[in-house]
Amino acid sequence: MSGLLHKVTSATFRSVKNTTQTCLSLVAFGVVAYAFGAVDEVTRALLARALAAALGTPVSVGALELSLVAGRLECSRVSLSQYPGFPGGEAASLGGATVEFDLSEVFRRRAVVCAAARLRDVRARVARHASGVVNFALVDPAARAA
């Protein structure tokens, strides 16, 4: 019986050791990616995609810096493309934005809770379509569907 227990204990130890090594490798990779700005680039692309999906028109985000320790996201040169059928250019733009959040809330509630937001150099170009619709009415998904 003790031989079987030894085999099970050895197999369990190897499994825990391998899992620990894998987790440490992933943490090390994450730290290196964070340190060299790869996380910022991925976050920038995800933010632009999420904003475009929510607003219904392409969004571009210039530089982005994410500080998980400080709970701060800073970005510059954010622009919202004009909706189709409206005069060209940008519908809106920001020179920059800073959003502060509580990282503990991300883990506790799986939600980003904005503690403070600052927008700089906000510009909006309101335009009316030939049908009478104002471009910013299309921010509402129901208005875009109609």
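Our structure is the block above this text.
A brief structural summary. Nothing here was measured: the structure is a model prediction, and the numbers come from that model. The numbers attached to residues start from 1 for each chain and follow its sequence in the written order. Thresholds applied to this predicted model are a pLDDT of at least 70 for local features of residues and 80 or more for the giving and counting of side-chain atom pairs; totals over whole chains, interfaces and linings are not thresholded and use all residues. The side-chain quantities take in all heavy atoms of the structure and omit both hydrogens and water.

As a further point, take the environment of Glu74. Comment: elements are numbered from the N terminus, with helices defined as DSSP H or I runs of at least four residues and strands as E runs of at least two. When you line up the elements, Glu74 lands in strand E3 (residues 72-81). Relative accessibility decides the category of a residue: with a 1.4 Å probe and only protein chains considered, values under 20% of the type maximum give buried, values over 50% give exposed, and everything between is partly exposed. Overall, the relative accessible area of 33% leaves Glu74 in the partly exposed class. Through-space distance from the C-alpha of Glu74 to that of Asp40 is 10.0 Å; in sequence the pair is 34 residues apart. Contacts: residue pairs with any heavy atoms within 4.5 Å of one another. Apart from residues no more than four positions distant in its own chain, Glu74 is found in contact with Ala63, Leu64, Glu65, Ala97 and Thr98. By the criterion applied in these results, polar contacts are pairs of N or O atoms within 3.5 Å in which, for protein atoms, one can donate a hydrogen and the other can accept it, and in which residues neighboring in sequence qualify only through two side-chain atoms. Polar side-chain contacts of Glu74 include one of 3.0 Å to the side chain of Arg72.

Okay, the pattern of salt bridges next. By salt bridge we mean one thing: a side-chain nitrogen of Lys or Arg within 4 Å of a carboxyl oxygen of Asp or Glu. The full count for this structure, using the stated rule, is three salt bridges. When the shortest N-O distance is used, the salt bridge between Glu41 and Arg44 registers 3.2 Å. Of this pair, Glu41 and Arg44 both sit in helix H2 (residues 38-55), three residues apart, roughly one helical turn. Residue classification places Glu41 among the partly exposed positions, given a relative accessible area of 45%. A salt bridge links Glu74 to Arg72; its shortest N-O distance comes to 3.0 Å.

Looking now at the nonpolar core. Buried Ala, Val, Leu, Ile, Met, Phe, Trp, Tyr and Cys residues that are joined via side-chain atoms within 4.5 Å together make up what is termed a nonpolar core. Val61, Leu64, Cys75 and Val78 are the most contacted members of the largest nonpolar core, which totals 14 residues. Only strand E1 (59-61), strand E2 (64-67), E3 and strand E4 (90-101) provide two or more residues apiece to this core. Sort the elements by how many residues they give to this core and E4 lands first, with five residues.

Inspection of the secondary structure assignment puts Ser93 in strand E4. Excluding its chain neighbours within four sequence positions, the residues that come into contact with Ser93 are Val78, Ser79, Asp121, Val122 and Arg123.

Quick look at H2 now. Its 18 residues give H2 an end-to-end C-alpha distance of 26 Å, which sits within 8% of 26 Å, the value for a rise of 1.5 Å per residue. Taken residue by residue, H2 has Asp40, Thr43 and Ala48 as its buried positions. Down the axis, H2 shows its buried residues gathered within 135° of arc, on one side only. Turned more than 90 degrees from where H2 packs its buried face, Arg49 and Ala53 sit exposed. Contacts from the buried residues of H2 go to E1, E2 and E3. Residue count minus one, scaled by 1.5 Å, sets the expected span of a helix. What the arc describes is the spread of directions from the helix axis to the C-beta atoms.

So, about unusual backbone geometry. Here the phi dihedral of Arg77 falls at roughly 55°; this positive angle occurs in a residue that is not glycine. Structurally, Arg77 can be placed in strand E3. Judged by its relative accessible area of 54%, Arg77 is exposed. At Asp121, a residue that is not glycine, the phi angle is positive and equals roughly 50°.

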